[in-house]
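Coordinate inspection notes
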Amino acid sequence: MANKLLAEVPVTQDPQQLVLITRDAVFSRWGALADQARANAKGLLALDIDAVWTEQIETFVEFLAAWVEVDPARGGYREARRRVEAAITGRKNLRDFPAWQQQRLGAPPSSLDGARVSVLADPQRRDVHLLRRYRLAVGEQLDAIGVVKRCGGNPDQFVPIVNIAFAEWLSRAREQAPLLLKQLLHACRDVGIAQVVRGDLPCVSPLPFDASVLIPSRWQTVLYELGIAADPQRWGEQAVRPLLNRLDEPYPYVACLVADGDRMGAILDGMASADCHRTISRALAKFPQEARRIVEQEHLGSLVYAGGDDVLAFVPLPRALACAQALKNAFSSIMIDACIGQSAGPTLSIGIGIGHIMDGMGDLLALGRRAERLAKRDEAEGDRGRDRNGLGIVIDKRSGGTLRWRARWDDWNENPVGRLLNDAALLGERLSTKKVHEIGTALRRFPDPGPGLDGSWTLVLLHDVRRTIKRSETGEAAPSPPQLGLELDEATEYAVAHARIDGWVRRMLIAKVFAQAEPKPDRSQRVA
């Protein structure tokens, strides 16, 4: 749902009256949602929360409105829109920050952000059935807003991150080991594993239960949290292990994809009339629908949010690059017709943050946001006119630190995704990861670029890299630097050569992660 409304009203309509009616509708709907969630969570709530609940709910929604006259003598629609946006911005900058008037002395803050006091009862007084239904961890605390989010709907509609991360693996399992997957599905149903009721999502269809059961180290926790009395190890060995023995264990990382249109503000500021603005808005309204189809139906992901030129989604790692490419193509196709007359249509920058499935949702989202900022602009590149229209990737490995890589969508013959996928294929066939690490280690032994380092250092560095690549480890001819997407020009300055090789190493290590995430063939087929 859009959180910003821009309307053109006739002079006979009192704008203040219209704003008050809209405000009442917003608060009425929000209040109804909160009341329903409170009723759903009754057995989890403390008894003394009436005042705290009311204050937290009533102060949550911020409603701002401004209006100006569209006067042709004062710049018409364009100037009117500028003035009304300035009024809203000015009010936001003067936001009120009143202190909380209602507190529960001794009660802990919310576990999510600590901003508000918890409204939950002491852990030992919480309804056990509701704890399991809403998947509250022992000792977890929620404020009123958290209760609305957690208990406002059917908890089975939420797709666990692990189901999204393993969606590609499960899709392969359905093709390569259908009977073993069916046995697992029956075992989950019989023992009472939490269901995921989202029949509309292809990522859920192979296994509509919490896919955490595919992680042996999680068997005990999953069954304990659900209050299942069965022996976790015995159940897992009988229900899950046969499938894991047939296929390699799924890669435990997931992608948080964040996309944002470039220079949309400048384009909207250039609209000379409300009709032009409506044309852009109608085009932007098409993109979220297309984004949902691309993410959920084509690439086994789950859309968190899509509005205007913004997209936030979680997708399985093997599908992340293709999903980003499809979103970029769809945005360009939709916007190109709407922006006729503009010198340059808007582009879409997309960040892919990759983290472990056991990382918190907030941490994964932060990775996605960080990748989006990288896609917009790489501070290391400086101001070279290469900002925006980018693909940024940030990987936070539990062992190996953080990797980052950026390309513009017009790099690599306008196919940076193809370059990465080709790199991933090379790593699996003709180039060992060991060589990539050797080159990276050797690069660190060379001096950092700086004054006084002439072209002789370039020759030494390139000779060392060529020697490492050429060395055959399999008896087959090693790929050439051009085949590896590595430019080794002896005429370049040392600083340029150093930066290119450093970028290549980072790109290959990123490609390695995508290669590792690709589900492997059936073990029985590999043996054959």
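Residues numbered from 1 in each chain as written. Predicted model: local features only at pLDDT ≥ 70, side-chain atom pairs only at ≥ 80, totals over all residues. Heavy atoms only, no water.

Thoughts on unusual backbone geometry
Inclusion rule: Comment: elements are numbered from the N terminus, with helices defined as DSSP H or I runs of at least four residues and strands as E runs of at least two.
Positive phi, normally seen in glycine, also occurs at arginine 388, with a value near 60°. For arginine 388, the location among the structural elements is in the loop between helix H15 (361–376) and strand E5 (390–397). In this structure, asparagine 389 takes a positive phi of about 50° despite not being glycine. Among the structural elements, asparagine 389 can be located in the loop between H15 and E5.

Digging into the side chain of serine 212
Heads up, the rule is: Polar contact is the term for a pair of N or O atoms within 3.5 Å; when the atoms are in protein, one must be able to donate a hydrogen and the other to accept it, and sequence-neighboring residues count only if both atoms are side-chain atoms. Contact between two residues is taken to exist if any of their heavy atoms lie within 4.5 Å; hydrogens are not considered.
Note that serine 212 resides in the loop between helix H8 (178–191) and helix H9 (219–225). Of the polar contacts made by the side chain of serine 212, one reaches the side chain of aspartate 210; its length is 2.9 Å. Setting aside residues up to four positions removed in sequence, serine 212 forms contacts with Val162, Arg218 and Val222.

Examining the packing of helix H17 (residues 433–445) against helix H19 (residues 494–517)
Rules: Between the N-to-C directions of two axes lies an angle of 0 to 180 degrees, each axis being a line fitted to C-alpha atoms and, for a helix, fitted only over the stretch in contact. Left-handed describes a crossing in which the near helix is turned anticlockwise from the far one by less than a right angle; the clockwise case is right-handed. All amino acids are sorted into three groups, where Ala, Val, Leu, Ile, Met, Phe, Trp, Tyr, Cys and Pro are nonpolar, Asp, Glu, Lys and Arg are charged, and the leftover types, Gly among them, are polar.
Interaxial distance between H17 and H19 falls to 10 Å at its minimum, and their mutual angle equals 145°. Where H17 crosses over H19, the two elements pack in a sense that is left-handed. For the pair H17 and H19, contact is made by Thr433, Val436, His437, Ile439, Gly440 and Leu443 and by His498, Ile501, Asp502, Trp504, Val505, Met508, Leu509 and Lys512, respectively. Of the residues that constitute the contact of H17 with H19, the class distribution is eight nonpolar, four polar and two charged.

Considerations on the packing of aromatic side chains
For clarity, the threshold we go by: Pairing of aromatic rings covers Phe, Tyr and Trp, the last counted by its six-membered ring, and requires centre-to-centre distances within 6.5 Å; plane angles under 30 degrees mean stacked, over 60 mean edge-to-face, and any other angle means tilted. Here the term buried applies to any residue with accessible area under 20% of the maximum for its type, exposed to any over 50%, and partly exposed to those in between, with areas from a 1.4 Å probe on protein chains only. Only lysine NZ and arginine CZ atoms are considered, and such an atom sits over a ring when it is within 6 Å of the ring centre and within 35 degrees of the ring normal.
Using the criterion set out here, one finds five aromatic pairs in the structure. Look at tyrosine 251 and tyrosine 253: their rings are 5.3 Å apart centre to centre, the planes differ by 35°, and that puts the pair in the tilted class. One exposure class covers both tyrosine 251 and tyrosine 253, and it is buried. Each ring, one from phenylalanine 287 and one from phenylalanine 331, has its centre 5.1 Å from the other, and the planes form 75°; the classification is edge-to-face. With phenylalanine 287 in helix H13 (residues 274–298) and phenylalanine 331 in helix H14 (residues 317–338), this residue pair connects regions lying 44 residues apart in the sequence. The class of phenylalanine 287 is buried, set by a relative accessible area of 1%. Note on phenylalanine 331: relative accessible area 0%, which makes it buried. Members of the aromatic cluster, connected to one another through ring pairs, are Phe446, Trp457 and Tyr494. When the ring centre of phenylalanine 27 is taken as reference, the NZ or CZ atom of arginine 23 above it lies at 4.4 Å.

Notes on the state of the cysteines
For clarity, the cut-off: Cysteine sulfur atoms that pair up within 2.5 Å are treated as a disulfide.
For the structure shown, the criterion picks out zero disulfides. In this structure cysteine 203 is a free cysteine whose sulfur lies 12 Å from that of cysteine 323, the closest cysteine sulfur available. Left without a disulfide partner, cysteine 256 is nearest to the cysteine sulfur of cysteine 323, which lies 12 Å away.

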